[in-house]
Amino acid sequence: MEPDISFIASLIGDSARARMLTALMGGKALTATELSIEADVTPQTASSHLSKLVEGKLVVVRKQGWHKYFQLQGVEVAALLEQLLNISSINLYSTISTGPSDNRLRNARVCYDHLAGELGVMFYDSLLANNKITENNYEASLTAGGRAFFGSLGVNFNQLDKAKRPLCKSCLDWSERRNHLAGSIGQWVLTDIFSKGWAIKDLDTRAVQFTQHGLKQFCKLYRMPFTPSQKALV
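Cut-offs applied
Residues numbered from 1 in each chain as written. Predicted model: local features only at pLDDT ≥ 70, side-chain atom pairs only at ≥ 80, totals over all residues. Heavy atoms only, no water. Pairing = 2+ DSSP bridges. Helix = DSSP H or I, 4+ residues; strand = E, 2+ residues; numbered from the N terminus. Buried < 20%, exposed > 50% of the residue type's maximum accessible area, 1.4 Å probe, protein only. Contact = heavy atoms within 4.5 Å. Phe/Tyr/Trp six-rings, centres within 6.5 Å; stacked < 30°, edge-to-face > 60°. Lys NZ or Arg CZ within 6 Å of the ring centre and 35° of its normal.

A. Structural detail: the pairing of strand β6 (residues 139–142). Here four bridges tie strand β5 (residues 133–136) to β6, and the two strands are oriented antiparallel to one another. Looking across to β6, one finds that T134 is bridged to S141. Two successive antiparallel strands, β5 and β6, enclose a turn made up of two residues, where N137 displays a positive phi of approximately 55°.

Written out as structure tokens, the structure is:
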């Protein structure tokens, strides 16, 4: 039996389900009630939509005590949604600036589990310029120097090499329309940023807000210049 593209397309094509999936792009598990608010539908309607998304393997449900939480199935689903955001933005806003109107989201945001936005693209460009990654046909690969560099920062390659996920993957940025870094290294970097207290994720959006100290340390570590458009928390 051949894969049925139309089935997946119909799941994503519904406006309420599309808003739910976009809300889950932040990587955070959300309840059916929270997703019903995001989609502007009743809780009963939200439950019906979520059942279809779970059945279609776009979303997984996790139980914690009496509560149920929903998350995207994985990075493949997140990558598909990011590509659809890019395509829909081109079609609807070809004469207007791309990406979100919120400057915080444009500056830095979570793309499922890695850093996106202006800072994400600057980070990717710096890795290229400093020979930590290479790019061939828009696909990123970790260099020997990059492997040594990230190993010195604490990346456990013994663990990552066993995973099916690629170490590096280029991801076309929704707002910048240039690549930012996904893959296991992209996930590790974002987790490291949060664990060091350099930035926090906005509670209501995908925005990542750096502290002034954190922004300086992030740019210093990855040899990125400051620009006037960069925003930081006081």
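B. Representation of the environment of G183. Relative to the helices and strands, G183 is located in helix α10 (residues 183–195). Note on G183: relative accessible area 3%, which makes it buried. Taking C-alpha positions, G183 is 6.5 Å from R165, a pair spaced 18 residues apart along the chain. Look past the residues within four positions of G183 in its chain and what remains in contact with it is R165, P166, L167 and K169.

C. Layout of the packing of aromatic side chains. Inspection of the entire model under this criterion finds seven aromatic pairs. Here F150 and Y222 contribute two aromatic rings whose centre-to-centre distance is 6.3 Å and whose plane-to-plane angle is 35°, an arrangement assigned as tilted. Taken together, the residues F150 in helix α8 (residues 144–153) and Y222 in the segment after α11 (212–221) connect sequence positions 72 residues apart. Feature note: the residues F123, F149, F150, F210, F218 and Y222 constitute an aromatic cluster, connected by ring pairs. Above the face of the F157 ring, R147 is positioned so that its terminal group lies 4.4 Å from the ring centre.

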